[in-house]
Amino acid sequence: MTATDRARELAIAAAQAASDKVADDIVAYDVSDVFVITDAFVLASANSDRQVRAIVDGIEERLLEIGAKPARREGEQEGRWVLLDYIDIVVHVQHAEERTYYSLERLWKDCPLIELPDSVTNGRSERPAGAETVAGRGSVAAAQGDGLEDAAFEDDDFQDEDFEDEDLQDDAEPAGGPGA
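None of these values were measured; they are calculated from a predicted model. (Residues numbered from 1 in each chain as written. Predicted model: local features only at pLDDT ≥ 70, side-chain atom pairs only at ≥ 80, totals over all residues. Heavy atoms only, no water.)

### Observations regarding the overall build of the protein chain
So, point 1. Secondary structure assignment for the protein chain yields 4 helices and 7 strands.
So, point 2. Burial analysis of the protein chain (180 residues in total) assigns 43% to the buried set.
So, point 3. Taking as baseline every contact in the protein chain between residues at least 6 positions apart, the subset at least 24 positions apart corresponds to 64%.
So, point 4. Accessible surface computed for the protein chain: about 10,000 Å², of which carbon and sulfur atoms make up 45%. (Helix = DSSP H or I, 4+ residues; strand = E, 2+ residues; numbered from the N terminus. Buried < 20%, exposed > 50% of the residue type's maximum accessible area, 1.4 Å probe, protein only. Contact = heavy atoms within 4.5 Å. Areas by Shrake-Rupley, 256 points an atom, 1.4 Å probe, with all protein chains shown as cover.)

This is the structure we're talking about:
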């Protein structure tokens, strides 16, 4: 079983909307073989809570234009991991730290990727480092071996002179995803 045409349409539109808001590591999975409740997952990340919210708003606006409203929206208040459930697809927009910590790609790495158009970029680059296009599979990067499973958060990552303590709103490790 593969994702329906409608699920693919929604996933591509969500990915494009996320790209338009400069989201990072955008990937879409066809999870129809492992889930009966949805056909596709779209993952995107951002470097700030504000950007997470902007990406979510952009996705909702774009999907509303093609007749889709989310059945459920979780995590908006915290702005660290927002889940949009459109029944046919589920969109996860995560702060980069949550994306690394929870590493959802590891859970779905065996699911086929939904091919995204070249207009879907990741952040300010055309494709994430190490990305390649595989016929019929789309962009392969964060989802297929970018090292997220081995990533560790290091304090040294934030030793930049321009970094201000007030930029960091919550020093605690993520306590859970949406609804936790």
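### What about unusual backbone geometry?
So, point 1. The residue Ile87 is not glycine, and still its phi comes out positive at about 70°.
So, point 2. The partly exposed category is assigned to Ile87, whose relative accessible area is 48%.
So, point 3. Positive phi is not limited to glycine here, since Ser103 has a value of about 45°.
So, point 4. Its place among the elements puts Ser103 in the loop between α3 (96-102) and α4 (104-108).

### As for the pairing of strand β4 (residues 81-85)
So, point 1. Counting buried positions along β4 yields 5 of 5 residues, so the element is predominantly enclosed.
So, point 2. Residues Trp81, Leu83 and Asp85 of β4 are buried on one face, and the alternating residues Val82 and Leu84, pointing to the opposite face, are buried as well.
So, point 3. One ladder, built from 3 bridges, connects strand β3 (residues 72-74) with β4; its direction is antiparallel. Residue pairing in the sheet places Arg72 in a bridge with Asp85 of β4.
So, point 4. Once β3 ends, the chain turns through 6 residues before running back antiparallel as β4, passing Gly75 with a positive phi of about 85°.
So, point 5. As paired strands, β4 and strand β5 (residues 89-95) are joined by 5 bridges and run antiparallel to one another. Following the sheet pairing, Leu83 is matched in β5 by His92.
So, point 6. Taken together, β4 and the strand that follows it, β5, pair antiparallel across an intervening segment of 3 residues, in which Ile87 is found at a positive phi of about 70°. (Pairing = 2+ DSSP bridges.)

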